[in-house]
Each structure stands twice: as structure tokens, then as C-alpha cells.
Amino acid sequence: MNIKVEKERRVVIITLDRPQALNALNTPLMNELVAVMQQYDKDPEVGCFVVTGSEKAFAAGADIKEMNTKTYLDMFHEDYFAGWEQFTAIRTPKIAAVSGYALGGGCELAMMCDIIYASDSAKFGQPEIKLGVIPGIGGTQRLTKSIGKAKAMDMILTGRMMGAEEAESAGLVAKIFPKETLLEEVKSIADNIASYSKTSVMIAKEAVDRALEMGLREGILYERRVFHALFATEDQKEGMQAFIEKRTPSFGKS
Ligand code: CO8
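Reading the values: the criteria
Residues numbered from 1 in each chain as written. Predicted model: local features only at pLDDT ≥ 70, side-chain atom pairs only at ≥ 80, totals over all residues. Heavy atoms only, no water. UniProt positions renumbered as here; feature names shortened; annotations may be inferred. Near = heavy atom within 4 Å. Polar contact = N/O pair within 3.5 Å; in protein donor to acceptor, adjacent residues only side chain to side chain. Areas by Shrake-Rupley, 256 points an atom, 1.4 Å probe, with all protein chains shown as cover. Helix = DSSP H or I, 4+ residues; strand = E, 2+ residues; numbered from the N terminus. Buried < 20%, exposed > 50% of the residue type's maximum accessible area, 1.4 Å probe, protein only. Contact = heavy atoms within 4.5 Å. Pairing = 2+ DSSP bridges. Axes fitted to C-alpha atoms, helices over the stretch in contact; angles between N-to-C directions. Phe/Tyr/Trp six-rings, centres within 6.5 Å; stacked < 30°, edge-to-face > 60°. Lys NZ or Arg CZ within 6 Å of the ring centre and 35° of its normal. Core = buried A, V, L, I, M, F, W, Y, C linked by side-chain atoms within 4.5 Å. Parallel < 35°, antiparallel > 145°, perpendicular 65-115°, else oblique. Left-handed = near helix turned anticlockwise from the far one by under 90°. Nonpolar A, V, L, I, M, F, W, Y, C, P; charged D, E, K, R; others polar.

Under the annotation held in an unreviewed UniProt entry, the chain carries the name Enoyl-CoA hydratase and is attributed to Aquimarina hainanensis. Recorded in UniProt for the chain, the comment headed Sequence similarities (unreviewed entry) runs: "Belongs to the enoyl-CoA hydratase/isomerase family."

Laid out in C-alpha cells, this is it:
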């Protein structure tokens, strides 16, 4: 196995575990990660994923040693990297807890998560230009949408790394924690998210994702319609009634 999986209450923590290759993302790792997440995605008891690596590396990129001898036709017919679309299709929120290197595919994996929290040691980068290629798992698109054209061009054309503070001020990272406490802090945030109605969390995530793809008018209409739809759930009744009765809501699966 190239990953370790633990379940703590309603949170599933997945640790990338290829230390000999700084967690470089190869096809077996991708397949294991996707399979585990697809299984838990359907479980109403699981409310959040945390994806993390080691203190030295979240992931140092796609596995160069798996790719280096491939031809164009190999890449085309395998539709290399297309499997990562199944990772983005996971509907339960996924949080990246990043320490150390998040380079190339590693940075792209973090960006395929819904929130990135980083330790003060994190280093983000898209160094593919140094290998004679370009980002291939969404980096040119997601980094540009996340931090804007100026910084995305700077990162992708020079291949330089960005430290945690710059990544936070650019909007790539939601918050920075000391590396010693990163995972505990992120688990506690994941626990909080998982304590809410899974239905409303999934719908909220979907609505925010739509903001990147839709115009404002359509996006606001979409939001209003799914807001209306939540009134068909028991969780809406329970959440609002609990507020009025000054008690903690007990959310179910509806
Ligand atoms: N792939 C495979 N092996 C890797 C990778 C990687 N991405 N990164 C590190 N490793 C391996 C090293 O080869 C080394 O193995 P060995 O001990 O057998 O030589 C081991 O991990 C440890 O690495 P280093 O000795 O290099 O460790 P350092 O601490 O000296 O350096 C760095 C750490 C700076 C992170 C360095 O390892 C590095 O620069 N790694 C590569 C970073 C990189 O270029 N990433 C981008 C990869 S390409 C990509 O992600 C997308 C490609 C898109 C293609 C599009 C196709 C459709």
C-alpha cells in the first residue's frame, strides 16, 4: 500500500506513504487513494477527509520515474492522469494538510482538495517547466483561478517555490499552523465540518465550486434554488428548531 488510512469518529485521514520517493504520485497510489475515498464517500457516517503527507513532503510531484520513458501515444491512450478526475468528483469535503514539499502533481493534489491548510514549512511549486513539460493535473487552471494570472505565470514559468506565508497571502492556503500541531488542528477543523448536516455541507461545497465555473447571475440563482431545496430535509428542520430551543442540533442523513 502507498497510503495509510485511519478513521477517527466521522473523519477519514489518508496519509500518503511513499517516503522513498517523497510521496511522488504514481498510478498505484492514485488508484488506492481514489478507491478508499470512493468507498467512504458513500458512507453517511463519514463527514470529511484529511489528505496529508510527511513532515518533509506532502508530495514531490507526479512520479517522474513512472513517466520518463513514455511516448506520446502511451500518454494519449492511457489518458495519463485522467484518473485524478475521480478524486475531484468525491463529494465529501477533502482537506489537504500540507507540510514540506507540495510540488507539481503534489501542489495540484492539494488544489484538488476543498481547503488547503499548511504548516510553516510548506513549499508549493509547479516546477514542471524544468522537466521540459507543463503542469498536467490542473495546475495551469486551478493555480490561476486561485492566486490570479500574475502569480500563477510567475510560478509556472519560473518553476520557483512559494513558502507558506506567501501562499496564504496569495489565497492558496486558508491558514498556517506550526508543523508540530498542523495535523491535530486540521483534524479538529475536519471534525467540526463533519458535525454538520452532511447534505448541507455537500451542497455548500458544490455551490462554492460553481462560483469558479458560472457567471454571477446563474451562480446566485443556482445558490437560491439549492437553498430552497434544503427545506426538504430533516436537517434544516432540526438545525433551525435547535437554534430556537437553544440546544445543539442532532443532524442525521437527510
Ligand atoms: N518523482 C519520482 N521520484 C521522486 C520525485 C518525483 N517527482 N521527487 C523526488 N523523488 C525521489 C528522488 O528521485 C529520490 O530518490 P532516490 O533516493 O532513489 O534518488 C528521493 O525521492 C529523494 O529525493 P531527493 O534526493 O531529490 O531529495 P532532496 O531533499 O534532495 O530534494 C526535492 C527534494 C527538491 C523535492 C527534489 O526531490 C525534487 O526536485 N523533486 C522533483 C520535483 C518535481 O519536479 N516535481 C514535478 C514532477 S512532474 C509533475 O508533477 C507533473 C508532470 C505533468 C506531466 C503532464 C503529463 C500529462
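Continuing now.
A closer look at the site of the ligand
Looking at the ligand, there are 22 residues lining it, with K56, A62, I64, K65 and G105 nearest. Interatomic distance of 2.7 Å between a side-chain N/O atom of K56 and an oxygen atom of the ligand. In the environment of the ligand, an oxygen atom lies 2.8 Å from a nitrogen or oxygen atom belonging to the backbone of A62. Coverage of the ligand by the protein chains reaches 64% of its 1100 Å² of free accessible surface.

So, the environment of T92
Secondary-structure assignment places T92 in the loop between α4 (84-88) and β5 (94-98). On the accessibility criterion, T92 (0% relative accessible area) is buried. Separated by 67 residues in the primary sequence, T92 and G159 have C-alpha atoms spaced 32 Å apart. Residues within four places of T92 in sequence aside, it is in contact with D41, V46, G47, C48, F49, D114, K198 and K205. For T92, the side chain forms a polar contact with the side chain of D41, separated by 2.5 Å. Looking at T92, its side chain comes within polar contact range of the side chain of K198, at 3.1 Å.

Topic: the sheet that holds strand β6 (residues 101-103)
Strand order in the open sheet formed by 4 strands is β4-β6-β8-β9, with mixed pairing between adjacent strands. Edge positions in the open sheet fall to β4 (57-59) and β9 (161-163), since each of these has one partner strand only. Along the sheet, successive strands turn relative to each other by an average axial angle of 20°, direction set aside. Relative to β6, β4 runs parallel, the two sharing 2 bridges. In the strand pairing of β6, A59 is matched with A102.

Brief notes about the sheet that holds strand β7 (residues 115-119)
Strands sit in the order β1-β2-β3-β5-β7-β10 across an open sheet of 6 strands; the sheet is mixed. If you trace the sheet from one side to the other, it starts and ends with β1 (3-8) and β10 (175-177), each paired once. Looking at each pair of strands side by side, their axes are set apart by 20° on average, direction ignored. As judged from the 4 bridges shared by β5 and β7, these two strands associate in the parallel manner. Directly across from A97, in β7, lies its bridge partner Y117. Where helix α1 (residues 27-41) meets the sheet, it contacts β1, β2 (11-16), β3 (48-52) and β5, and its direction lies at approximately 20° from that of β1. Across the sheet, helix α5 (residues 105-112) is in contact with β2, β3, β5 and β7; its angle to β5 comes to roughly 140°.

So, the packing of aromatic side chains
Per the counting criterion, the structure on display carries 5 aromatic pairs. Consider the rings of Y72 and F76, whose centres lie 5.9 Å apart with planes at 25°: the pair is stacked. One end of the pair, Y72, and the other, F76, are both in helix α3 (residues 72-78), 4 residues apart, so they sit about a helical turn from each other. The ring of Y101 carries the charged tip of K123 above its face, separated from the ring centre by 5.1 Å. In this structure, R210 packs its charged tip against the face of Y222, placed 4.5 Å from the ring centre.

Quick notes on the nonpolar core
Judged by nonpolar contacts, the single largest core of 48 residues is most densely connected at F58, W84, F87, V98, L109, I116 and F124. When neighbours within four sequence positions are excluded, L109 is seen to be in contact with L16, L25, L33, V51, F58, W84 and F87. Counting 14 residues, the second-largest nonpolar core is a separate cluster that includes Y117, L182, A190 and V201.

As for the packing of α5 against helix α6 (residues 139-147)
Contact geometry for α5 and α6: axes closest at 10 Å, N-to-C directions at 55°. Of the possible angle classes, the one that applies to α5 and α6 is oblique. For the pair α5 and α6, the crossing hand works out as left-handed. Each of E108, M111 and M112 in α5 lies in contact with α6, whose residues at this interface are G139, R142 and L143. Across the contact of α5 with α6, the residue classes break down as 3 nonpolar, 1 polar and 2 charged.

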